[in-house]
Amino acid sequence: MLNVPSQSFPGPSSQQRVASGGRSKVPLKQGRSLMDWIRMTKSGKDLTGLKGRLIEVTEEELKKHNKKDDCWICIRGFVYNVSPYMEYHPGGEDELMRAAGSDGTDLFDQVHRWVNYESMLKECLVGRMAVKPAVPKGLLSKTQVTDTLTKEGLNSPSYDWFQTDSSVTIVIYTKQKDISLDSVIVDHQGDSFRAETIIKDYSYLVHIALSHEVEEDFSVRVVENVGKIEIILKKKEHTSWKCLGLPLERHNLLTPKKDAGLYYRKCQLVSKEDVTHDTKLFCLMLPPCTHLQVPIGQHVYLKVTITGTEIVKPYTPVSYSLLSEFQKPVPPNNKYIYFLIKIYPAGLLTPKLDHLQIGDFVSVSGPEGNFKKSKLQELEDLFLVAAGTGFTPMVKILNYALSNVLSLRKLKLMFFNKTEDDIIWRSQLEKLACKDKRFDVEYILSAPTSEWNGKQGQISPALLSEFLKRSVENSRVLLCICGPTPFTEQGIELLHDLCFSKEEIYSFTA
Ligand code: FAD
Ligand code: NAD
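Residues numbered from 1 in each chain as written. Chains lettered and ligands numbered in written order. Predicted model: local features only at pLDDT ≥ 70, side-chain atom pairs only at ≥ 80, totals over all residues. Heavy atoms only, no water.

A word on the overall build of the protein chain. Counting its regular elements, the protein chain contains 12 helices and 29 strands. Looking at the protein chain residue by residue over its 510 residues, the buried ones come to 50%. Considering only contacts in the protein chain between residues 6 or more positions apart, those separated by 24 or more positions represent 71%. A total accessible area of about 24,800 Å² is found for the protein chain, and carbon and sulfur atoms account for 51% of it. (Helix = DSSP H or I, 4+ residues; strand = E, 2+ residues; numbered from the N terminus. Buried < 20%, exposed > 50% of the residue type's maximum accessible area, 1.4 Å probe, protein only. Contact = heavy atoms within 4.5 Å. Areas by Shrake-Rupley, 256 points an atom, 1.4 Å probe, with all protein chains shown as cover.)

This paragraph deals with the sheet that holds strand S7 (residues 158-163). One open sheet holds the 4 strands; their spatial order is S7-S8-S13-S12, and the pairing between them is antiparallel. Only two strands of the sheet have a single partner each, and these edge strands are S7 and strand S12 (214-223). Neighbour-to-neighbour, the strand axes of this sheet turn through a mean angle of 20 degrees, independent of strand direction. Both strand S8 (residues 167-173) and strand S13 (residues 228-235) contribute to a ladder of 7 bridges, which runs antiparallel. Looking at S13, one finds that Ile-170 is bridged to Ile-231. (Pairing = 2+ DSSP bridges. Axes fitted to C-alpha atoms, helices over the stretch in contact; angles between N-to-C directions.)

Once that is clear, we can look at the pattern of salt bridges. Following the criterion strictly, the structure yields 26 salt bridges and no others. For Arg-98, the salt bridge is made with Glu-95, and the minimal N-O distance between the two is 2.7 Å. Given a relative accessible area of 46%, Arg-98 falls into the partly exposed group. Put simply, Lys-228 and Glu-230 hold a salt bridge, and the shortest N to O gap is 3.5 Å. The class for Lys-228 is partly exposed, based on a relative accessible area of 23%. (Salt bridge = Lys/Arg side-chain N within 4 Å of Asp/Glu carboxyl O.)

To continue, consider the sheet that holds strand S16 (residues 264-274). The strand order across the open sheet formed by 7 strands is S20-S19-S23-S16-S17-S22-S21, and the pairing between neighbours is antiparallel. Each end of this open sheet is capped by a strand with a single partner; those strands are strand S20 (309-315) and strand S21 (317-318). Pairing of strand S17 (residues 279-285) with strand S22 (residues 336-342), which is carried by 7 bridges, proceeds in the antiparallel orientation. What sits directly across from Leu-284, in S22, is Ile-337. Running over the sheet, helix H1 (residues 34-41) touches strand S19 (300-306) and S20 and is turned about 160 degrees from S20.

In the vicinity of ligand 2 lie 23 residues, with Lys-342, Tyr-344, Asn-417, Lys-418 and Ser-446 positioned nearest. Contact distances for ligand 2 include 3.2 Å between a nitrogen atom and a side-chain N or O atom of Gln-458. For ligand 2, whose free accessible area comes to 870 Å², the fraction covered by protein is 86%. Contributions of two or more residues to the shell around ligand 2 are made by strand S25 (410-417) and helix H12 (485-497). Among the elements that line the shell around ligand 2, the one with the most residues is H12, at 3 residues. In terms of residue class, the shell around ligand 2 is made up of 9 nonpolar, 12 polar and 2 charged. (Near = heavy atom within 4 Å. Polar contact = N/O pair within 3.5 Å; in protein donor to acceptor, adjacent residues only side chain to side chain. Nonpolar A, V, L, I, M, F, W, Y, C, P; charged D, E, K, R; others polar.)

Written as structure tokens, this is what we have:
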């Protein structure tokens, strides 16, 4: 059972105050945590007031249910009675009431489209909207696609296939030059083949029920200068295929990335190592039938079922170590994903992750996030400002910049933690600083012991201005900041005060 503290939730400095899309979380009453909500949904209470009946809801009917104690919201054509959930909503009642008696899909997508509302609110389901929209949101017709792409200076992607006796090659023509192995995510299970290509802010899907059986493993090649992706499948039987197969959902369609749902695959826990007293390095192995590389600075979602409810939270993959990748780049078809995860004893998901046994499975989504490694090109100074596990996006950035950005003169990490014991990978950071003279790390502790003679306090103008010294005047600089939301928000304000421009700052938020 959770040891739920008695103070208001979340505690004043709890990372639960993380804002989603810039929104702060509000204190919830005691007994109104997510875990309490899950218990409530299992209690057998009639949460819709309809005694388990599902109804068709007209727009007129939906509009009538617009009060706190009688509040219906439509998300993607399904209507939920959210009144019983009001007090449990981490964003607060007012936030939910913004969508009362109406279609809340856009609002929901803006704030937290990754939250698995179907599972969280399944006991609140009233029914479907009576009239379904003709084209599901996000799907664009061929003409719309071409028009949109032309406006953005892009060409419409397409695919083709060819075969030999032993193989079938699916070719995706993205017609973009900045395509690499991390632009395409491939999953095939049984006869279902799915290749999602990320082209700028769009997702292009090749989704087919293959006509014949293929082996589990396959290879992916990218011809970068023409933006061509080749996926080579091995035939199980050396026969000639008349067709590739039957189209599945969203096949051959381009969807704005924000409207393309998250796709999960089950990954197996391979190892779990202590890093600090509360942070562990988890290694998950991708299924053999998956090709997925998480781009630098991006995160994925981990999905775990807790007493029948699917809980989804974001985590940022890291390299196995700060030193190994620096010496020897990871092979491109790497099958492992590493995460540094802090376990919060009273948290909902992390204790569950902590209790996973080697061999257990966790669902992992495709990557999300806006960071592009092109931001690092031509840089002279790179400053990383991290607090606690806000260090995680910095890991791959640090590795990449030191190995690939030839113009780099200086890379500094300013690492805020509560105590010395909380510093993640301290000895690796120090070894790296010895190894590479361009790299330097400084720790700032907010709750040090009396023995600590380094810097102390929280993010402040004095600390930042001392730290952010450029290698040369007007150098090309990037500053990345990540940590608890109040930390990141204060940091951005202070950086603007220190005359860093918007383009020179990248902040990691939900
Ligand atoms: P929660 O249930 O959210 O609880 C967190 C805190 O609130 C704990 O301190 C807990 O003690 C307290 N709390 C819980 N219930 C109560 C209550 N009723 N009353 C008072 N206090 C309570 N984290 C990482 O470790 N590694 C990463 O790589 C990482 N990447 C991230 C990337 C992004 C883009 C974002 C937005 C977050 C990332 N996080 C990462 C944070 C992660 O998503 C989770 O928020 C975190 O793991 C906590 O999850 P939890 O369910 O265990 O805790
Ligand atoms: P923590 O509680 O151990 O705090 C670490 C340091 O952050 C503190 O020593 C302090 O200097 C600073 N800090 C904490 N609260 C502050 C406040 N209210 N104002 C100013 N400074 C403050 O941190 P943690 O438990 O490791 O939490 C890390 C946070 O980073 C989580 O909220 C997590 O969601 C977030 N995170 C975000 C991403 C992302 O990509 N957006 C990635 C990883 C982690």
